[in-house]
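Listed here are the chains, written in short residue letters.
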Amino acid sequence: MSDSTATARPRKRRAIVLIPGLQREERFHRRDILISNLETVERHPLSRGEDVSAGGETGLRLNLAALRGGDGAAQAPEIASLDVFEAYWADMIPEQVEQAPWTKLLQGFELVGYWVLSLRTWQAVANSLRSGSSLIAVGLVMGGLTLVAWYLMLAVLIGQTVAPGGEVPEELAAIPLVGDLVHLFGVASGWLAANAWWAVLPFLLAMLQVDALVLLARFIKDYFENREDDSGVGLRDRLRRRIAGTLEAVLAADYDEVVVLAHSFGTVIATDILADWPHEADLKRLSLVSLGSPITVLRYRSSWLESERREVLGKRRIATWIDYFSPSDWLCGAVTGHRESYGEAMSRKLTFEAPWPQKLSGRTHLLYYRDPRVLEQLAAPLAAPG
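J.: What is the right way to read the overall build of the protein from this model?
T.: Across its full length, the protein carries 16 helices and 10 strands. Taking contacts inside the protein between residues at least 6 apart in sequence as the whole, the part at least 24 apart equals 74%. In the form shown here, the protein has an accessible surface area of approximately 18,500 Å², with 57% of it arising from carbon and sulfur atoms.

J.: Would you explain the packing of aromatic side chains in this entry?
T.: Within the structure shown, the criterion is met by 13 aromatic pairs. Ring centres 6.4 Å apart and planes at 55° place the aromatic pair Trp150 and Tyr151 in the tilted group. With respect to class, Trp150 is no different from Tyr151; both count as buried. Plain terms: the ring middles of Phe219 and Phe265 are 6.1 Å apart, the flat faces sit at 80° to each other, and that makes the pair edge-to-face. Of this pair, Phe219 sits in helix α9 (residues 210-225) while Phe265 sits in helix α11 (residues 265-274); the two residues are 46 residues apart in sequence, bridging distant segments of the chain. By the burial criterion, Phe219 is buried, and Phe265 matches it. Pairwise contacts between aromatic rings join Trp89, Phe219, Tyr223, Phe224, Phe265 and Trp304 into one cluster. Looking at Arg31, its charged tip hangs above the ring of Phe28, at a distance of 4.2 Å from the centre. The ring of Tyr114 has Arg301 sitting right over it, with the charged end atom 3.7 Å from the ring centre.

J.: Help me understand the pairing of strand β3 (residues 57-64), please; the structure alone is not making it clear to me.
T.: Within a regular beta strand, the side chains point alternately toward one face of the sheet and then the other, so they alternate between its two faces. Here β3 lies mainly inside the structure; six of its eight residues are buried. Where strand β2 (residues 46-54) and β3 come together, seven bridges link them in antiparallel fashion. Each bridged residue has a counterpart across the sheet, and for Ser47 the counterpart in β3 is Asn63. Here four bridges tie β3 to strand β6 (residues 79-86), and the two strands are oriented antiparallel to one another. Bridge pairing links Asn63 to Ser81 in β6.

J.: Can you walk me through the environment of Val260 in this structure?
T.: Mapped onto the secondary structure, Val260 falls in strand β7 (residues 257-263). Spatially, the C-alpha atom of Val260 lies 9.6 Å from that of Phe85, the residues being 175 residues apart in sequence. The contact partners of Val260, leaving out residues within four places of it in the chain, are Val17, Ile19, Leu247, Ala270, Leu286, Ser287, Leu288 and Val289.

J.: Help me understand the packing of α9 against helix α10 (residues 235-251), please; the structure alone is not making it clear to me.
T.: Between two packed helices, both the angle of their axes relative to each other and the distance between the axes serve to describe the pair. At a closest axis distance of 6 Å, the pairing of α9 and α10 adopts a crossing angle of 90°. One way to sum up the angle between α9 and α10 is to call them roughly perpendicular. Contacts from Phe219, Asp222 and Tyr223 of α9 reach α10 at Leu235, Arg236, Leu239 and Arg240. Considering only residue class, the contact of α9 with α10 consists of four nonpolar, no polar and three charged.

Rules behind the numbers
Residues numbered from 1 in each chain as written. Predicted model: local features only at pLDDT ≥ 70, side-chain atom pairs only at ≥ 80, totals over all residues. Heavy atoms only, no water. Helix = DSSP H or I, 4+ residues; strand = E, 2+ residues; numbered from the N terminus. Contact = heavy atoms within 4.5 Å. Areas by Shrake-Rupley, 256 points an atom, 1.4 Å probe, with all protein chains shown as cover. Phe/Tyr/Trp six-rings, centres within 6.5 Å; stacked < 30°, edge-to-face > 60°. Buried < 20%, exposed > 50% of the residue type's maximum accessible area, 1.4 Å probe, protein only. Lys NZ or Arg CZ within 6 Å of the ring centre and 35° of its normal. Pairing = 2+ DSSP bridges. Axes fitted to C-alpha atoms, helices over the stretch in contact; angles between N-to-C directions. Parallel < 35°, antiparallel > 145°, perpendicular 65-115°, else oblique. Nonpolar A, V, L, I, M, F, W, Y, C, P; charged D, E, K, R; others polar.

Laid out in structure tokens, this is it:
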């Protein structure tokens, strides 16, 4: 093939819209990590270009270089350029705020009840074991035990603050029944604090990053329940509007392909939006690449998420859906039903070389951003198996 023939071949302009996972980070932080790793791809050489704009959304262009063929002629890539955008939503994740002790205790119990005492959670554990995803089942059980341990530590701290050694404050002792309950609570928390395991528990919880786990559990619960804010608008509705606005701006631009690249909980948001996308003309150039999706587990906890999953898979609303997952990542699994709908070649298992401490702490959940198979696919024709 000559250079002129290769150059004459139609070349596509592709936009990538990144929907990051559930982490409080600065705007463009995760996008810049993705771009830095894309620049390391050897099979599809990319060079950083200029900033681009689409409907007020700011992105960064990556240009693909031509490759020399067997006859020495330049082989132009099918993709002319990649414009990478980020659908930013990390600022919608609430920060930890100081609350009254009894409010903390009540909300903590509500959280443990929602995740640990729920039949749906244990259905997810049982299904993971039946499907051979034992690492996911272990992760769910570990997460539940960590939540319980966190709540016990919280109860001990509050109990020893409010009623140390069972000594009830005068304003509470005068109230019938309440004084007796607070006394029992103080005695029980004192007994727990006196045990040897109490000295080890804070250290273990710090290693397991319990604060991040609690924040994750609380946010997902509020998202599934569409918890309203001071304006009276639900969290799910506000988040959908934010992400859909970015996607709408990019789709309105002159791109041949728009790839939604969703990581972790971002895959839940992407599925939620794409299942109801109102513009039918967009669907034929819309593709989804999911990284480390928790949908296979979370669909048991949310009836509407299961409905949205079925909607995207059942009608194949989008052009292509490539799902990456890893047995080394206990926070995710292959999206249920994806392989049957989009084909076995579109469901891709990755194996991360990582030590056990990284796997237990969940740090392997971020390795998708620098996996060469994921990066190469983002610069290659999406229909081709990676």
